[in-house]
Amino acid sequence: MVRTLQQIIMLKATIVTNTFLYYLKRLWVIGKHVPDSVYGNRELKMVLAVLFTILGQVFSLAGKALYIFLFAVLPALFAGTAESGVRFDSLVQILFFLSCIMGPLQDSVVFKVTKEKFTAIRYMKMDVEKYTKVYLLYCYIPFALYFLICIMTASWFTGGSIADGICLWIVIVMMRAAGEAFQVWLYDRKGIVFSRKTGWVWTIIFLSVAGAYTVFVPWGPFLTAERLFHPALLVLICIVGVISAWYILSGYRCYRRKLHRTVEEQWLFSSIVNQSTQAANEKSVGIREQDLHADSRKMAGVEKLHGYEYFNALFFLRHRRQILRPVYYRLAAVVGFFIAGVMFRVGMPEVAYLGAENLPDFLPIFVFVMYMMTVADKACKAMFYNCDKSMLKFGFYRNPKTLLSNFRIRLVKIAGYNLVIGAAICAAVAGFRGICGIWNFGQNMFLFCAAVLMLSVFFTVHHLFLYYVFQPYSEEMNVKNPFFQAINMAVYLICFLCYELQANGTLTGNLPFTAGVLVVTLAYIVAALILVYRYAPKMFRVK
């Protein structure tokens, strides 16, 4: 058993390590300095394997803590602001429905297909029964330990005692075991994997979420700690949980005979995500017959152009639905928020005036807004799937001058779309201030508008730069390059840091922030042009 556990841990770590090294070698600048022999460096791979194993456990703990805080603790605090007992009762009801009902039924360790499980059972021909039992312990021992830490902390936050926290933890662990045993029993009797039945799973999710958040109704939570932790019910839950744990770890004898049938490649999480992503991308950027028929007046304007100006103008004209529709949606959202602001002004004029007066001072928060409102990412997908995927098969299209010419044309065009959205946001903010009685367009408001418009350009450059230098998309319409996602996440974290600086009072004026945005945007544009010209001919290709 110990040997099997070691094999599971090393197999998982090896897969993650090899994936990391593979994409590290494909990274521009760094990749060419990573030799192929790195795959045979046993000492280095051992260090990386240990590091990724530790990081995996850290992320697992952080994920559970984030889940409990966002989906249980915060709602419980808002639902029961008057009494600590009500807050803890709200926590109990939320976690019972989300972690005791929804969690065990919409997922299963026994039937989940991962890369390491597929490799171990299909390729390495490991004993299915031994692998399953050891993998259950490998998953659920950290699960129980991390949940104990998180539940005790959540209990303290919401006014519960140590004993209350332990009781809630016991209920969650026992119900998880019961849910796992139910899925194994159902598969043994009916040949049905419950967690793979989409209709059933979504019904459970809907009912569980509805049951969890009825804590916000006027009469408060109906599943209180007093009821759930009644000694008789608690003993019954423990008996069911212990019997369930015995059943999946020792009592069930058909793992070796039946379980291998459920280990199919189509149920790999990455395959499911790729299929759903591909379907979503095909729907969102796919071209239709009517898209090819453009208005004659607009076509006349396009036909006056030449070269790549004509090429790109024709593309954007024929892809108005894929690129312009997201712009319209975002403009509609801006109008919706403005209308909400008008209603706020009518209902609470004094509070609205105070908010309107200070709104330009919260400029760093709008970094998040512009990050979410940009249409550059959608435009890049449309350009690849409906244009570049085919054109990249020709050598002349990968010529540095051609790439740089297309980059500049597309940058101007997409920046125009984003600037329209940025201008709408500025107009909405100015309009809201106007209806609140603040008509002066002072320095802060000017800097606010300037920064929002520059952020529109910045995020346009950001997405186009990543597209040309990393080209993350494959012909199957999914993202193949993890460094593309990592850089996007880094930019998101920088945006979050701006928000934190604002919240902590570190950013005391718009002038330094606007100046910083201007410098970063100009530097990013220059760097992007240089790097696209230098590296895009090698990296901008079909993968």
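For clarity, every value in this text was computed on a predicted model and none was experimentally measured. (Residues numbered from 1 in each chain as written. Predicted model: local features only at pLDDT ≥ 70, side-chain atom pairs only at ≥ 80, totals over all residues. Heavy atoms only, no water.)

**Some remarks on the overall build of the protein**
Turning to step 1, where the next piece is worked out: A tally of helices and strands in the protein yields 21 helices and zero strands.
Turning to step 2, where the next piece is worked out: The proportion of buried residues among the 543 residues of the protein is 45%.
Turning to step 3, where the next piece is worked out: The long-range fraction of contacts in the protein, counting pairs at least 24 apart against all pairs at least 6 apart in sequence, stands at 80%. (Helix = DSSP H or I, 4+ residues; strand = E, 2+ residues; numbered from the N terminus. Buried < 20%, exposed > 50% of the residue type's maximum accessible area, 1.4 Å probe, protein only. Contact = heavy atoms within 4.5 Å.)

**Points about the side chain of T17**
Turning to step 1, where the next piece is worked out: With respect to the element layout, T17 can be found in helix α1 (residues 2-25).
Turning to step 2, where the next piece is worked out: Using a relative accessible area of 1% as the deciding quantity, one classes T17 as buried.
Turning to step 3, where the next piece is worked out: A polar side-chain atom of T17 sits 2.7 Å from the main-chain carbonyl oxygen of A13.
Turning to step 4, where the next piece is worked out: If near-sequence neighbours (up to four positions away) are discounted, T17 is found in contact with K45, L48, A49 and F52. (Polar contact = N/O pair within 3.5 Å; in protein donor to acceptor, adjacent residues only side chain to side chain.)

**Digging into the pattern of salt bridges**
Turning to step 1, where the next piece is worked out: Tallied over the entire structure, the rule returns eight salt bridges.
Turning to step 2, where the next piece is worked out: In this structure, the salt-bridge partner of E116 is K12, at a minimum N-O distance of 3.2 Å. Of the two residues, E116 sits in helix α4 (residues 115-123) while K12 sits in helix α1, which places them 104 residues apart along the sequence. (Salt bridge = Lys/Arg side-chain N within 4 Å of Asp/Glu carboxyl O.)

**Quick look at helix α19 (residues 443-470)**
Turning to step 1, where the next piece is worked out: An ideal rise of 1.5 Å per residue puts 40 Å on 28 residues; α19 measures up with 39 Å between its terminal C-alpha atoms.
Turning to step 2, where the next piece is worked out: Burial within α19 is extensive, with 22 of its 28 residues counted as buried.
Turning to step 3, where the next piece is worked out: Of the residues trailing α19, Q471 is marked for its positive phi of about 40 degrees. (Expected span 1.5 Å × (residues − 1).)

**Concerning the packing of helix α13 (residues 307-318) against helix α18 (residues 400-435)**
Turning to step 1, where the next piece is worked out: Two elements in contact, α13 and α18, have axes whose closest approach is 10 Å; the angle formed by their N-to-C orientations is 40 degrees. The pairing of α13 with α18 is recorded here as oblique in orientation. The element α13 and its partner α18 pack so that their crossing is right-handed. Of α18, the residues touching α13 (which contributes Y308, E309, F311, N312 and F316) are T402, S405, N406, I409, R410, K413, I414 and Y417.
Turning to step 2, where the next piece is worked out: Grouping the constituent residues of the contact of α13 with α18 by class yields six nonpolar, four polar and three charged. (Axes fitted to C-alpha atoms, helices over the stretch in contact; angles between N-to-C directions. Parallel < 35°, antiparallel > 145°, perpendicular 65-115°, else oblique. Left-handed = near helix turned anticlockwise from the far one by under 90°. Nonpolar A, V, L, I, M, F, W, Y, C, P; charged D, E, K, R; others polar.)

**Comments concerning the environment of P326**
Turning to step 1, where the next piece is worked out: Relative to the assigned elements, P326 resides in helix α14 (residues 320-347).
Turning to step 2, where the next piece is worked out: As a C-alpha pair, P326 and K378 span 52 residues in sequence and 8.2 Å in three-dimensional space.
Turning to step 3, where the next piece is worked out: In this structure, P326 is in contact with R321, V375 and K378, ignoring residues within four places of it in sequence.

**Re the environment of R257**
Turning to step 1, where the next piece is worked out: Tracing the backbone through its elements, the reader meets R257 in helix α10 (residues 255-258).
Turning to step 2, where the next piece is worked out: When its relative accessible area of 48% is taken as the criterion, R257 is described as partly exposed.
Turning to step 3, where the next piece is worked out: Here the alpha-carbon distance between R257 and V128, two residues 129 residues apart in the chain, equals 8.5 Å.

**A look at the packing of aromatic side chains**
Turning to step 1, where the next piece is worked out: Under the counting rule described, the total for this entry stands at 30 aromatic pairs.
Turning to step 2, where the next piece is worked out: Their ring planes at 50 degrees and their centres at 4.7 Å tell us that F143 and F147 sit as a pair that is tilted. Of this pair, F143 and F147 are both found in helix α5 (residues 128-157), four residues apart, which corresponds to roughly one turn of the helix.
Turning to step 3, where the next piece is worked out: Here the aromatic cluster, defined as three or more aromatic residues joined through ring pairs, consists of Y308, F311, F394, F396 and Y397. (Phe/Tyr/Trp six-rings, centres within 6.5 Å; stacked < 30°, edge-to-face > 60°.)

**Concerning α1**
Turning to step 1, where the next piece is worked out: Here α1 spans 34 Å end to end across 24 residues, near enough to the 34 Å set by a 1.5 Å rise per residue.
Turning to step 2, where the next piece is worked out: Residues of α1 that are buried include every one of T4, I8, L11, A13, T17, L21, Y23 and L24, and no others.

**Quick notes on a nonpolar patch on the surface**
Turning to step 1, where the next piece is worked out: A surface patch of nonpolar side chains, about 690 Å² in accessible area, is lined by M10, M46, V50, L51, I54, L55, V58 and F59.
Turning to step 2, where the next piece is worked out: The element best represented in the nonpolar patch is helix α2 (residues 42-79), accounting for seven residues.
Turning to step 3, where the next piece is worked out: Its location among the elements puts V58 in helix α2. (Patch = residues over 30% accessible without salt bridge, like charges linked within 9 Å, V, L, I, M, F, W, Y side chains within 5 Å. Areas by Shrake-Rupley, 256 points an atom, 1.4 Å probe, with all protein chains shown as cover.)

**A word on the packing of α14 against helix α17 (residues 376-391)**
Turning to step 1, where the next piece is worked out: Close contact between α14 and α17 brings their axes to 9 Å; oriented N to C, the two are set at 170 degrees. With respect to their mutual orientation, α14 and α17 come out roughly antiparallel. Note on element contacts: α17 touches α14 through K378, A379, A382 and N386, opposite Q322, I323 and P326.
Turning to step 2, where the next piece is worked out: For the contact of α14 with α17, the class distribution of residues is four nonpolar, two polar and one charged.

**Thoughts on the confidence of the model for the protein**
Turning to step 1, where the next piece is worked out: Model confidence for the protein is summarised by a mean pLDDT of 81, while 85% of its residues fall at 70 or above.
Turning to step 2, where the next piece is worked out: Model confidence for the protein, summarised as mean pLDDT per element, is weakest for helix α11 (residues 269-285) at 47 and strongest for helix α9 (residues 231-251) at 94.
Turning to step 3, where the next piece is worked out: Scored below 50 in pLDDT, residues 270-280 shows nine contacts in the model against residues more than four places distant or in partner chains.
Turning to step 4, where the next piece is worked out: Contacts of residues 502-508 to residues separated by more than four positions or lying in other chains number 11 contacts, the stretch itself having pLDDT below 50. (pLDDT = per-residue confidence, 0-100.)

**Things to note about the state of the cysteines**
Turning to step 1, where the next piece is worked out: The tally for this structure, following the rule as stated, stands at zero disulfides.
Turning to step 2, where the next piece is worked out: As a non-bridged cysteine, C167 has C238 as the owner of its nearest cysteine sulfur, 8.5 Å distant. (Disulfide = S-S within 2.5 Å.)

**Points about the side chain of E116**
Turning to step 1, where the next piece is worked out: Since its relative accessible area comes to 7%, E116 is described here as buried.
Turning to step 2, where the next piece is worked out: Among the polar contacts made by the side chain of E116, one reaches the side chain of K12 at a distance of 3.2 Å.
Turning to step 3, where the next piece is worked out: Excluding residues that lie within four positions of it along the chain, E116 makes contacts with L11, K12, I15, Y131 and Y135.

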